[in-house]
Amino acid sequence: MRFIRTKAAVAVAGLALSLAACGDAGTDSKGVDVQASEDASFEAGTRMAELADAGTINVGVKFDQPGLGFNETGSDIPTGFDVDIAKILVASLGIDPNDTSKVNYIETISDNREPFLEDGKVDLVLASYSITDERRAVVGQTGPYMITGQQLLVPTDSGITGPADLKGKEVCSVTGSTSLDNAKAQGMKPVGFDTYSQCVDKVLDGTVEAMTTDGTILLGYAAQHEGELEVVGDAFSEERIGVGYSLDHPEMCQWINDTLEAANEDGTWAKAFEANLGASGAETPEFPALDPCTS
């Protein structure tokens, strides 16, 4: 198929954050200011053309991950790196990503990412969504737009330094995530919860010894609970975070990849990372190589 490439016009807003210092990771960030493309054009019959013509889109994101996807009480639009990448994609369709009458940001927990795409409840998923062969059997995934690794979040001064200290002990993550399988492979006893915030609460009250998931997620919670929680140990997995879409619309893959490449080339990707995750302790990495689209 022929894809007509467009770039979202992007301006940076509020890069100077102090998430770790104020213990409010990602909740004050406005990320990058993304403006809808004025010349979006797509081949007739593609899903991108349908969305652009309709002027509306549903996007699945997390609501409880500071720095990645966080919806503060009273806020109309969630914030975070995943959300900013979603806004860049939405803007390339000629849709204003900040207009909630046109963009419906739907809370999407780990266990319902595939069902939401399969049922058509959302058009895209950007929710700390690790790319795996198992998921690609039922939904489309492309990227990655970020590579991270699984680490541990533990009470400050717990003495825990890595997975070896947690063999046979209960460690939580969210149901439906790859983190639970990785924890089991390391000899830990995985316990699943519906949301990350529930898991954090269980670490704080001592119900479980630690929480485990992508290090970028954990950094946000450590900053939010400064002095109470800390991230420890080297990464013991590689998590390739990508964008989910329906297998009914394979043409979306190349549009997503081209839009991500454009965001890297004009510096928007790096600015979004710095705005949302930089102040929580994560250094801005190199833009990852994108998987080729197969159709």
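This text follows the structure it describes.
Residues numbered from 1 in each chain as written. Predicted model: local features only at pLDDT ≥ 70, side-chain atom pairs only at ≥ 80, totals over all residues. Heavy atoms only, no water.

Some remarks on the sheet that holds strand 11 (residues 189-193)
The following threshold applies: Pairing between strands requires that DSSP locate at least two bridges from one strand to the other. Where helices and strands are cited, they refer to DSSP runs of H or I of at least four residues and of E of at least two residues respectively, numbered from the N terminus. Each axis is a line fitted through C-alpha atoms, taken for helices only over the stretch in contact, and angles between the N-to-C directions span 0 to 180 degrees. Between two residues, a contact is recorded if the distance between any of their heavy atoms is within 4.5 Å.
Read from one edge to the other, the open sheet built from five strands follows the order 11-10-12-9-13, with strand pairing classed as mixed. Each of the sheet's edge strands pairs with one partner strand only, and the pair in question is strand 11 and strand 13 (229-232). Going from strand to strand, the sheet's axes swing by 35° on average, the running direction of each strand aside. Bridging between strand 9 (residues 150-155) and strand 12 (residues 210-214) involves four bridges; their strand directions are antiparallel. Looking at strand 12, one finds that Leu152 is bridged to Thr212. Against the sheet, helix 6 (residues 178-185) touches strand 9, strand 10 (170-174), strand 11 and strand 12, its axis set at about 165° to strand 11.

Regarding the sheet that holds strand 3 (residues 57-61)
Two strands in a sheet stick together by hydrogen bonds in their backbones, pointing the same way (parallel) or opposite ways (antiparallel). If you walk across this open sheet you meet the five strands as 6-3-7-14-8, and the pairing is mixed. On the outer flanks of this sheet lie strand 6 (103-107) and strand 8 (140-148), each paired with one strand and no other. The sheet shows a mean angle of 25° between the axes of neighbouring strands, taken without regard to direction. The pairing of strand 8 with strand 14 (residues 239-245) spans six bridges and is antiparallel. Counterpart to Gly140 in the pairing with strand 14 is Tyr245.

Focus on the packing of helix 3 (residues 81-92) against helix 9 (residues 252-265)
Keep this limit in mind: In this scheme, roughly parallel covers angles under 35 degrees and roughly antiparallel covers those over 145, while 65 to 115 is roughly perpendicular and the rest are oblique. The sense of a crossing depends on the near helix, which, turned anticlockwise from the far helix by less than a right angle, makes the crossing left-handed and, turned clockwise, makes it right-handed. Residues are grouped as follows: nonpolar covers Ala, Val, Leu, Ile, Met, Phe, Trp, Tyr, Cys and Pro; charged covers Asp, Glu, Lys and Arg; every other residue, Gly included, is treated as polar.
The interhelical angle for the contact between helix 3 and helix 9, taken along N-to-C directions, is 110°, at an axis separation of 10 Å. Taken together, helix 3 and helix 9 sit at an angle that is classed as roughly perpendicular. The way helix 3 lies across helix 9 gives a crossing that is right-handed. Taking contact as the criterion, the partners of Ile85, Ile88, Leu89 and Ser92 in helix 3 are, on helix 9, Trp255, Ile256, Thr259, Leu260 and Ala263. Grouping the amino acids of the contact of helix 3 with helix 9 by side-chain chemistry returns seven nonpolar, two polar and no charged.

Side note on the packing of helix 3 against helix 10 (residues 268-276)
Orientation of helix 3 relative to helix 10, taken along the N-to-C sense of each, is 150°, at an axis distance of 9 Å. The pairing of helix 3 with helix 10 is recorded here as roughly antiparallel in orientation. In this structure, helix 3 meets helix 10 at a crossing whose hand is right-handed. Packed against helix 3, whose contacting residues are Phe81, Asp84, Ile85 and Ile88, the element helix 10 presents Thr268, Trp269, Ala272, Phe273 and Asn276 at the interface. For the contact of helix 3 with helix 10, the residue count by class is six nonpolar, two polar and one charged.

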